[in-house]
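Residue-level listing of the chains:
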Amino acid sequence: MEDIPALEKKFEEKIASGIVIEPKDWMPERYRKQLIRMMSQHAHSEVVGMLPEGNWVTRAPSLRRKVGLLAKVQDEAGHGLYIYSATETLGADRAKLVDDLHTGKAKYSSIFNYPTLTWADIGAIGWLVDGAAIVNQTALAKCSYGPYARAMIRICKEESFHNKQGYEILASLMKGPPEQQKMAQDSINRWWWPCLMMFGPSDGASPNSEELMRWKVKRYTNDELRQRFIDRTIPQAEHIGLTMPDPDLKYNETTRHYEFGEINWEEFNQVIKGNGPCNYERVHARKDADEKGLWVREAAEAYAKKKLTMNS
Ligand code: FAQ
């Protein structure tokens, strides 16, 4: 049996040469812990993320829109399941992770603590929230932990469909009467800044980034990904006549990037502390679903046990 410093050295060499770490490989406890933290928050976000959109399933304006939205919400559930499974490859107990969400110990993405007030918000979530998620997750598809990286490949493909669906909803509203255009613009006014917050605190204020970058879990910093999202999103907004609620937004010909205004970090900190507009409602809805689904899980378990006894 090799000693810990030798194992650590080998692990760092693997990371440095771009070798992907797999579940049975030796890894430092801190690497495992960081991955479980980040991946479980990600899984919780996918599952909680179904709630704001689910709010509109019964009120989608046409059968076509309803079918698209239902498929999207189901996809998000699937993403949560892949990522929870990936945390299990690290030895995490899924029931404990879910319990941490319900007791407020675990975080989930700040973005899902905002309400969906109009149909246009469903367009804004698909276009902006999934758009931000794609920028973040295409980078994670190259992360150093194999099961997480592989889950991201399929998830990004599905998110691309969601992104196009959301953009199409907003493009249709922008071609409609003034009331619909106003509704689309209002949704962008409310969702733009919270979407920029999805990428996390600025680099200087991000305690986990340095370690995660060193281990190639994160391949880019929070600010780099935020900038990438802004640069690719503004031309899309202009194309359909939407404007972002930021008077400081302007293209810099020299850097070839958009400059943007100050993010309200106080709002971000309040939301991740549990004081956002819908935090209570979201966690309460998840706890309620968990309690109401208990009999289904118990029945499935009893059936599986019975089948096992009959077969043995
Ligand atoms: N919300 O040191 P950092 C989606 C926390 S999926 C809440 O920079 P890190 C799909 C952070 O956890 C969206 N908390 O942290 C969908 C840490 O707290 P801790 C989710 C946040 O990990 C679409 C503290 O602040 N995606 O949208 C947030 O290096 C439509 C310090 O921050 C992922 O989770 C935030 N926005 O970087 C579903 C992707 N930002 O744990 C339905 C994977 C930061 O130390 C509908 N995660 N915090 O107490 C990541 O890439 C990273 O974890 C970051 C944060 C970038 C989110």
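The structure under discussion appears in the preceding block.
Residues numbered from 1 in each chain as written. Predicted model: local features only at pLDDT ≥ 70, side-chain atom pairs only at ≥ 80, totals over all residues. Heavy atoms only, no water.

1. Looking at the overall build of the protein
Next, step 1: When helices and strands are tallied, the protein shows 13 helices and two strands.
Next, step 2: Relative to its length of 312 residues, the protein is compact, with a C-alpha radius of gyration of 21 Å against a globular reference of 20 Å.
Next, step 3: Across its three principal axes, the protein shows a C-alpha extent of roughly 70 × 55 × 35 Å.
Next, step 4: Considering the protein as a whole, with its 312 residues, one finds that 48% of them fall into the buried category.
Next, step 5: Total accessible area on the protein stands at roughly 16,300 Å², and carbon and sulfur atoms take up 58% of it.
Next, step 6: Separation of charge centres in the protein, based on 43 positive and 43 negative side chains, amounts to 5 Å. (Helix = DSSP H or I, 4+ residues; strand = E, 2+ residues; numbered from the N terminus. Rg over C-alpha atoms; globule rule 2.2 N^0.38 Å. Buried < 20%, exposed > 50% of the residue type's maximum accessible area, 1.4 Å probe, protein only. Areas by Shrake-Rupley, 256 points an atom, 1.4 Å probe, with all protein chains shown as cover. Lys, Arg positive; Asp, Glu negative; His and termini not counted. Charge placed at Lys NZ, Arg CZ, Asp CG, Glu CD.)

2. A word on the pattern of salt bridges
Next, step 1: All chains considered together, the criterion is met by 22 salt bridges.
Next, step 2: Residue Arg-65 pairs with Glu-168 through a salt bridge whose shortest N-O separation is 3.3 Å. In this pair, Arg-65 sits in helix 4 (residues 63-88) while Glu-168 sits in helix 7 (residues 146-174), placing the two residues 103 residues apart along the sequence.
Next, step 3: Under the relative-accessibility criterion, Arg-65 is labelled buried at 13%. (Salt bridge = Lys/Arg side-chain N within 4 Å of Asp/Glu carboxyl O.)

3. Describing the site of the ligand
Next, step 1: Near the ligand there are 36 residues, and of these Gln-41, Lys-107, Ser-110, Ser-206 and Lys-218 occur at the shortest range.
Next, step 2: Between an oxygen atom of the ligand and a side-chain N or O atom of Asn-222, the distance comes to 2.9 Å.
Next, step 3: Within the residue set of the shell around the ligand, elements represented by two or more residues are helix 2 (29-48), helix 4, helix 6 (120-140), helix 7 and helix 11 (265-275).
Next, step 4: Among the residues making up the shell around the ligand, the classes are represented as 15 nonpolar, 12 polar and nine charged. (Near = heavy atom within 4 Å. Polar contact = N/O pair within 3.5 Å; in protein donor to acceptor, adjacent residues only side chain to side chain. Nonpolar A, V, L, I, M, F, W, Y, C, P; charged D, E, K, R; others polar.)

4. Remarks on the side chain of Gln-137
Next, step 1: By secondary structure assignment, the location of Gln-137 is in helix 6.
Next, step 2: On the basis of relative accessibility, which here comes to 3%, the residue Gln-137 falls in the buried class.
Next, step 3: Of the polar contacts made by the side chain of Gln-137, one reaches the side chain of His-42; its length is 2.7 Å.

5. Description of the nonpolar core
Next, step 1: In terms of nonpolar packing, the biggest core is built from 80 residues, with Tyr-31, Tyr-145 and Phe-229 touching the most fellow members.
Next, step 2: Broken down by element, the residue count for this core peaks at 11 residues, all from helix 6.
Next, step 3: In this view, Tyr-31 contacts Phe-11, Ile-15, Ile-21, Ser-144, Tyr-145, Trp-215 and Val-217; residues no more than four positions away in its chain are not counted. (Core = buried A, V, L, I, M, F, W, Y, C linked by side-chain atoms within 4.5 Å. Contact = heavy atoms within 4.5 Å.)

6. Notes on the packing of aromatic side chains
Next, step 1: Per the counting criterion, the structure on display carries 11 aromatic pairs.
Next, step 2: Through successive ring pairs, a cluster of aromatic residues spans Phe-11, Trp-26, Tyr-31 and Trp-215.
Next, step 3: If you follow Arg-59 out to its NZ or CZ, it ends over the ring of Trp-56, 4.0 Å from the centre.
Next, step 4: The aromatic ring of Tyr-220 is capped on one face by Arg-228, whose charged end is 4.3 Å from the ring centroid. (Phe/Tyr/Trp six-rings, centres within 6.5 Å; stacked < 30°, edge-to-face > 60°. Lys NZ or Arg CZ within 6 Å of the ring centre and 35° of its normal.)

From the geometry alone we can't say anything about function, so treat these as descriptive.
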